[in-house]
Every structure is written in C-alpha cells, then in structure tokens.
Amino acid sequence: MSREAAGYPFPSIPLAFRHAVALISVVIVFLAYRSSGTLIDDGGLFLLLSIAVLGSAWFAGTASALAVTVFGAVLGSFVAGHVNSPAVQTHLALFVGQGLLLTALVAELRRARHAAEREAGAALEARHEIEAASRMKDEFLGTISHELRTPLNAVLGWLHLIRTGKLDPATQSRGFESIERNVRLQAQLTADLLDVSKALTGRLTMDMRPVSLPSVVDEALAQVSTAATAKDVTLNVKRPGQPMIVRGDPNRLRQVIWHLLANAIKFTPRGGRIDVTLESDSVAMVTVADTGPGIARDFMPHIFDRFTQADSSPTRITGGLGVGLSLVRDLVERHGGEIQAINRPSGGAQFRVQLPLHHVDQAERPTAPAPALPSVSSPPLNGLRVLLLDRDEDVRELLSVALEQRGASVRVAATVDQALEMLESWRPDVLVSDALSPERDAYALVGKIQSLEADRGGRIPALALTTMSRTDDDMRRLLAQVKRDLPKPVEPAILTAEIARLTGRERRRAQR
C-alpha cells in the first residue's frame, strides 16, 4: 500500500490506477449517452458527468476530479457544438462551475480530515506522554519514599538498640557510625533533589575562583572514607607531581567527585578496589574506576539522564534516586568540562572528568575549599549571649545544648514576638534565626534588629538557618541583611564556628 493511497477508500489500489478509472468513467458516460438514444438527454449527460466528478474526487482525489472536469468539458463542448442549442451550452457552463465547486469542496473536506487526524494523533501522543510522565512520577515518588525511609530505618533501629543500654562499647560505636553515615546520606539525597530542581530552572549558581583540584579530591575522599571502610573497599589514589589548578566552584567540584566515589562504592562488591587517578596534560583529568559489574550496554546511552536507573524495580539491589550522575554532568559542563563513562576491559566502570586548566597569575592564588568535615575543637563561646529563634522544639533544644557546651548563654524563642521581646530585655550578642515563622517571616526580625538602637538590643550580627534555596527571589530578599546563612541540617561544630567568626571570637583566638 502506497503512502499516497492510504487516505482513500480501498487503500490497496494504486493511485495511478485510480486516476485511470476516473478518466475512463468520463468515456463510459459519453458512450452511454451515445448508445442510449432518447433515454439520456443533454441535461442528463452533464448530470452524469457531475456525478463522475464527485465520484472521482472521492475515489481518486481532487487532482483526478479536476482532470475529469476538464476532460468532460472538452467532450461536452463537441456535444454543444453539434446540437447548437443555448440550453446545452448553459448545461455545459453549469457543469464546469459545478465541477470546480465540487473539487474545491472535496479538497477542503479532505484537508479538514487530515488536520483532524493530525490533531487526533497529537492528542494521542500527548496522552501517552502524560501517562508515561504519570507512571514516572509514581515510580519516582515510590523511589524517594524508599530511599528516604531506608536510612531512617537504620537510624531508628540503632537508636532503639543504644537506648536499651545492652550494647558493648564496640557495638555501640558501630551504631553511632551507622547513624551518622545514614543521616549524612539522607541530607545528601535532599540536597541532590534541590540542586536538580535549581538546575532545571536555571538557578544553579557557581562561585568561580582558582581551585586546587587535588585538594578537592582529597576532601571528597575524606567524606567517603567511612563508607568505603564499612564496605571493605580499598581506595587507591594516584596524584600528579605538579599542581593542578582549575577555575571553578570548590564546593560543586567536591560534589562531583563525591558523587563519582559514592557511586563507585555503591556498585563495588565487598573487598573490591576503587582507583582514583589525577592527570594533567592540556586539561586536568580525574578518573574514578571501580571493580564492580560495569554498566549494562543498553543503559550506557542513558547513564547521565535524569531520574533513570539501570534497575528501577522495587527489588533492585542498589539504591539511589537516579539524579546523582545527571547532576554531575550538569556541574561538569557548567565548568566547561566533559565527563565520559566506559566499561573497563578488565571489568568495572570508569568515569573520567576533564576540566580546563587555569593558569594562575602571581597576584592570584588558588583557594582551597572549606573542609568537608568541621574540626572537633570548635572555638569557645564563653559568655556569649545567643538568641535562638526556631519554631521546632527539638531543634531549639539540640542547638541550645550544643552552644551551651561551648560556653554560650542561650535563650530560645518559638515566635518572632518572643524574639523581639527577648531582644530588648536581654540584649543578645548574636541572633540565630530559622527560615519561616507561622505568623510571618522570621527573617523580618533581622530588618527590625538593624533598625533598633544598640541600647535596645539592635545592630547585632544575624545568622540564618534555611531549608530553601537562596537563589529564590523571595529568599534572596529575606537574606539581604543576614550576615551568614547555613543550610539545614547544620552541624553543631559548624554553627559554633560561624557564631565565633561573626562575633570576632575566632579572630581573637587566632591572635592568641
């Protein structure tokens, strides 16, 4: 069946044969007119020709109908000339007009039908896409639920065992390590989802500056060392003999390396090995290779797609949301680099990141990123007054205990009104504020502080704890007068260090 004949009745008939049948129908009409005697008069002849035009348009298309009209008019002119009757000439003129009108009408009807078919096809395709998106959404929500509940299960289970008081010190220590590891995993999953959302909306920001790539790799290795030890996976690192300076966001670059290492640890069997190699030629290269099962051949083209996994079934062995590698690709490309994934001939997967080298001027020095994990010996806050505003009672208790252990005097407030009252009556040295209050923005308190006189508790440094992206316009406006903002969950050591820095305690400690 030809594609041209698909829109006509009896689609198996070739289109050329249809045109021939249409023209033959005109000859048949004239033969019938000649042989019928008085049965078919001149008016009947042109009526039959009009029927032939309409049938040709339906059976063979408007081009054939137009040809039948012309052919019928030519033959009809001989009849009109032979009869030499004004009535016959009128019938001929009406036939030509009727034929052209019928051809145009059928052409418009056929065009409308094709348009309706296209719209129906587009609607069907859109319906399939919506159904596929709905299935993907359901699968993704199920995956999120599973991945967020898994670390919570380990945390709650170990906490229950530790509270019984029946564990020996070694087992209790392993329990605390498992709790910390799973809490960090859940925090990373949440951060990945936020970063993917910002990347999709074009709001993923970069703090670009010269960075030592080996330092970034070392800090990423420090972050995953506990997980590698727990799985008995060996991390082999090969560093270059010369400096490797790239221009980029140190935290984002560390995020890239962390994801590649975490992914390698996840797929490497117990007792396996991960090789991390740093090289530099015309570009800086970081290679992460594992001894796992490798990447399935049919999944290789989709390895960096968002929300995709080689095994997305509920019974899959390895976890994950399917966003880590897609986020890695986005971050690498935003740094002007490339990332490749291949299967090693000896077995296992290999990811190679290439980044442009940055030539540092003498006046420009590379900046090492902030430590991945805070120091245990955070600065003391002896005698420092800290006003803590947070609507969550557990958070207030946790942070107040942590700050009091470092010597600070802490008062807590659950609402903005309570904080304003304590601000003027107690006159704290620093404010630590939560993101949002049920009755109004908690960050509105920051503007109030800046407008108050110092003797009324105003003009003190403020630190914000936020669960939202500071790239949002509303959040950027709220954070305009905040001295420092930290994303939740915040570690007590980091919070203590930031408060010390804001109040000058860190500077005085360094001077001593």
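Preceding this section is the structure that the text describes.
Residues numbered from 1 in each chain as written. Predicted model: local features only at pLDDT ≥ 70, side-chain atom pairs only at ≥ 80, totals over all residues. Heavy atoms only, no water.

Some points on the overall build of the protein chain
Right, so step 1: Looking only at helices and strands, one finds 14 helices and 12 strands in the protein chain.
Right, so step 2: Counting across all 512 residues of the protein chain, residues that qualify as buried make up 40%.
Right, so step 3: Relative to all contacts within the protein chain whose residues are 6 or more apart in sequence, the contacts with residues 24 or more apart total 68%. (Helix = DSSP H or I, 4+ residues; strand = E, 2+ residues; numbered from the N terminus. Buried < 20%, exposed > 50% of the residue type's maximum accessible area, 1.4 Å probe, protein only. Contact = heavy atoms within 4.5 Å.)

Thoughts on the environment of G157
Right, so step 1: Mapped onto the fold, G157 is located in helix α4 (residues 86-163).
Right, so step 2: For the pair G157 and I179, spaced 22 residues apart in the sequence, the C-alpha separation amounts to 9.2 Å.

Regarding helix α10 (residues 416-426)
Right, so step 1: Looking at α10, one finds that the buried residues are V416, A419, L420, L423 and W426. Angular distribution of buried residues about the axis of α10 spans 165°; they occupy a single face of the element. Away from its buried face by more than 90 degrees, α10 exposes E421 and S425.
Right, so step 2: Trailing α10 by a residue or two, R427 shows a phi angle of about 55°, which is positive. (Arc of directions from axis to C-beta.)

Topic: the packing of aromatic side chains
Right, so step 1: As enumerated under the stated definition, the model contains 2 aromatic pairs in all.
Right, so step 2: Arranged with centres 6.1 Å apart and planes meeting at 40°, the rings of F46 and F95 form a pair that is tilted. Placement of the pair is F46 in helix α2 (residues 42-60) and F95 in helix α4, with a sequence separation of 49 residues.
Right, so step 3: Judged by its relative accessible area of 3%, F46 is buried.
Right, so step 4: For the pair F304 and F351, a centre-to-centre distance of 6.2 Å together with 80° between the ring planes defines the contact as edge-to-face. Residue F304 is located in the loop between β5 (283-290) and α8 (324-334), and its partner F351 is located in strand β7 (residues 349-356); the two are separated by 47 residues in the primary sequence.
Right, so step 5: For F304, a relative accessible area of 9% puts it in the buried group.
Right, so step 6: Residue F351 is classed as buried on the basis of its relative accessible area of 4%.
Right, so step 7: Looking at R18, its charged tip hangs above the ring of F59, at a distance of 4.9 Å from the centre. (Phe/Tyr/Trp six-rings, centres within 6.5 Å; stacked < 30°, edge-to-face > 60°. Lys NZ or Arg CZ within 6 Å of the ring centre and 35° of its normal.)

Re the sheet that holds β5
Through backbone hydrogen bonds, the strands of a sheet pair up, either in parallel or in antiparallel fashion.
Right, so step 1: Taken together, 5 strands build an open sheet; the order of strands is β2-β4-β5-β7-β6 and the sheet is mixed. Two strands bound the open sheet, and with one partner strand each, they are β2 (234-238) and β6 (338-343). With direction set aside, neighbouring strand axes in the sheet form an average angle of 15°.
Right, so step 2: Examined bridge by bridge, β5 and β7 share 7 bridges and lie antiparallel to one another. Within β7, the residue paired with V288 across the bridge is F351. (Pairing = 2+ DSSP bridges. Axes fitted to C-alpha atoms, helices over the stretch in contact; angles between N-to-C directions.)

Concerning unusual backbone geometry
It is generally the case that most residues other than glycine have a negative phi and that most peptide bonds are trans.
Right, so step 1: Even without a glycine there, the phi angle at D232 is positive, about 60°.
Right, so step 2: Tracing the backbone through its elements, the reader meets D232 in the loop between α6 (213-230) and β2.
Right, so step 3: The backbone of R427 shows a phi angle near 55°, a positive value even though the residue is not glycine.
Right, so step 4: With respect to the helices, strands and loops of the structure, R427 is situated in the loop between α10 and β10 (430-433).
Right, so step 5: A relative accessible area of 45% means that R427 is categorised as partly exposed.

Comments concerning the pattern of salt bridges
Right, so step 1: Scanning the entire structure with this criterion turns up 11 salt bridges.
Right, so step 2: Where salt bridges share partners, they join R273, D275 and R344 into one cluster. (Salt bridge = Lys/Arg side-chain N within 4 Å of Asp/Glu carboxyl O.)

A word on α6
Right, so step 1: For α6, which comprises 18 residues, the first-to-last C-alpha distance of 26 Å matches the rise-based estimate of 26 Å (1.5 Å per residue) to within 8%.
Right, so step 2: Of all the bends in α6, the greatest, near 45°, is centred on V224.
Right, so step 3: D232 sits one or two residues past α6 and shows a positive phi near 60°. (Expected span 1.5 Å × (residues − 1). Bend = angle between axes of the 7 residues up to and from the residue.)

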